[in-house]
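Architecture at a glance
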Amino acid sequence: MIRWILFVFLVLFIVVPMLMPVIFSFSVFWQDILPQGFTLRWYEAILTRPANYEALMVSLIVASSAVILNVVITVPAAYALNRMASKWGQRLREGATILPLIFPPLVVGTALLQAFTRPPLALTGTLWMVIIAHTILGLPFMFRIVLAAFQTIDEKTLSEAAASLGANLWQRMRYVLIPNVLPGILSGALLVFAISMGEFEVTSMVAGFTAQTLPLRLFQQIRNDMRVASAITAFLIYVSFLSFLLMTYLGTKMRRLRAV
């Protein structure tokens, strides 16, 4: 009984604050205990007001670019690290499990400011700088998930079987290995996309006025129009929740494949 009470309390502690902006985003007015009216006006403001729409497009471009760069970097890196049979390879694989905890966002932002503020790499304040920052932030999480996906399959046996049939490295990766670890790649991509869409701290440090993402716009709307800010917050919650559901589905699929 006590465990159920604690569980319900934990759920309410997490869910109730998340529901407040969602409810407010659909209401005309909310000053008393219950909201008044129903409207989609505040969601329309995201698409119809130029500043909000531009911020949404920038966020989508940055998040998509970060996902693509992470896939290009982490898939070969995870494959190579998984193939390392030495004790250093084992230590590196163990270190990859705690990699997401090593780089606090504030440290990443400060490092990027110092590295990209002087020519010829003066990128601070540009869209490219935001893409680089979000790629670095998502890289540890993506790498960890893709490495775990490679570890769930008998990669060496699959590679040797494909090689015995005449497949080169590229063909083995394209037709044998990547299809087997695709759920892990997609899970990592979803996580990177969700992280990028909601990232504020590092973005506020490296972005200029031409690279305003949706979270930065949200911070401005909190002071200007709380109703539109609630709609933006709710939209980011939807993105995170949908990513969580898809990641859960892909994780279940990976476990079923591993059981087979």
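Keep in mind the model is a prediction, meaning the values are calculated, not measured. (Residues numbered from 1 in each chain as written. Predicted model: local features only at pLDDT ≥ 70, side-chain atom pairs only at ≥ 80, totals over all residues. Heavy atoms only, no water.)

1. So, the overall build of the protein chain
Spelled out, the test is: Think of it this way: any DSSP run of H or I at least four residues long counts as a helix, any run of E at least two long counts as a strand, and we number them from the N terminus. The buried label applies to any residue whose accessible area, calculated with a 1.4 Å probe on protein chains only, is under 20% of its type's maximum; exposed applies above 50%, and partly exposed to all values in between. Note on contacts: a residue pair qualifies if any of its non-hydrogen atoms lie within 4.5 Å across the two residues.
Along the protein chain, the regular secondary structure elements total eleven helices and zero strands. Helices (α) and strands (β) of the protein chain occur, in sequence order from the N terminus, as α-α-α-α-α-α-α-α-α-α-α. C-alpha extents for the protein chain along the principal axes are approximately 70 × 60 × 30 Å. Put simply, the protein chain has 260 residues, and 38% of those count as buried. Pairs at least 24 apart in sequence give 69% of the contacts found in the protein chain among residues at least 6 apart.

2. Side note on the packing of helix α3 (residues 50-83) against helix α8 (residues 169-198)
Our working rule: A fitted line through C-alpha atoms serves as each axis, taken over the contacting stretch for helices, and the angle formed by two N-to-C directions is quoted from 0 to 180°. Oblique is the label for every angle not falling under 35 degrees (roughly parallel), over 145 degrees (roughly antiparallel), or within 65 to 115 degrees (roughly perpendicular). Should the near helix be turned counterclockwise from the far one by less than a right angle, the crossing is left-handed, whereas a clockwise turn marks it as right-handed. Each residue gets one label: Ala, Val, Leu, Ile, Met, Phe, Trp, Tyr, Cys and Pro are nonpolar, Asp, Glu, Lys and Arg are charged, and the others, such as Gly, are polar.
At their nearest, the axes of α3 and α8 sit 8 Å apart, and the two run at 140° to each other. As summarised for this structure, α3 and α8 are arranged oblique, according to the angle between their axes. Here α3 runs over α8; the crossing is right-handed. Residues Ser 59, Leu 60, Val 62, Ala 63, Ser 64, Ala 66, Val 67, Asn 70, Val 71, Val 75 and Tyr 79 of α3 lie in contact with α8, whose contacting residues are Leu 169, Met 173, Leu 177, Ile 185, Ala 189, Val 192, Phe 193, Ser 196 and Met 197. In terms of residue class, the contact of α3 with α8 is made up of 16 nonpolar, four polar and no charged.

3. Some details on the nonpolar core
Threshold: What we call a nonpolar core is a set of buried Ala, Val, Leu, Ile, Met, Phe, Trp, Tyr and Cys residues that are connected through their side-chain atoms within 4.5 Å.
Core analysis: the biggest nonpolar cluster contains 22 residues, and Val 75, Ala 78, Val 146, Phe 150, Leu 177, Val 181 and Ile 185 have the highest contact counts within it. Contributions of two or more residues to this core are made by α3, α6 (127-151) and α8. Counting residues per element, this core draws most heavily on α8, at seven residues. Beyond its immediate sequence surroundings of up to four residues, Ala 78 is in contact with Phe 143, Val 146, Leu 147 and Phe 150. Judged by nonpolar contacts, the second largest core, of 18 residues, contains Val 22, Ala 63, Ala 229 and Leu 236.

4. Some details on the packing of aromatic side chains
Where two aromatic rings form a pair, the distance of their centres and the angle of their planes describe that pair. What counts here: Stacked, tilted and edge-to-face are the three classes applied to pairs of Phe, Tyr and Trp rings, where Trp contributes its six-membered ring and a pair requires centres within 6.5 Å; stacked means planes under 30 degrees apart, edge-to-face means over 60, and tilted covers the rest.
For the structure on display, the rule yields six aromatic pairs. Taken together, a centroid distance of 6.3 Å and an interplanar angle of 25° make the contact between Phe 9 and Phe 13 stacked. Residue Phe 9 and its partner Phe 13 are both found in helix α1 (residues 2-25); the two are separated by four residues, about one turn of the helix. In terms of burial, Phe 9 and Phe 13 fall into one category: exposed. Each ring, one from Tyr 43 and one from Tyr 238, has its centre 6.4 Å from the other, and the planes form 15°; the classification is stacked. Taken as a pair, Tyr 43 in helix α2 (residues 41-48) and Tyr 238 in helix α11 (residues 226-259) lie far apart in primary sequence, 195 residues in all. Here a set of aromatic residues connected by ring pairs shows up, and it is made of Phe 26, Phe 38, Tyr 43 and Tyr 238.

5. Details of the pattern of salt bridges
Condition: For salt bridges, the criterion is a side-chain nitrogen of Lys or Arg within 4 Å of an Asp or Glu carboxyl oxygen.
Counted under the stated rule, the structure contains two salt bridges. Residue Asp 225 is joined to Arg 49 by a salt bridge in which the shortest nitrogen-to-oxygen separation is 3.9 Å. Pair noted here: Asp 225 is in the loop between α10 (214-224) and α11 and Arg 49 is in the loop between α2 and α3, with a separation of 176 residues, a long-range link. A residue is classified by how much of its surface remains accessible, and Asp 225, at 13% relative accessible area, is buried.

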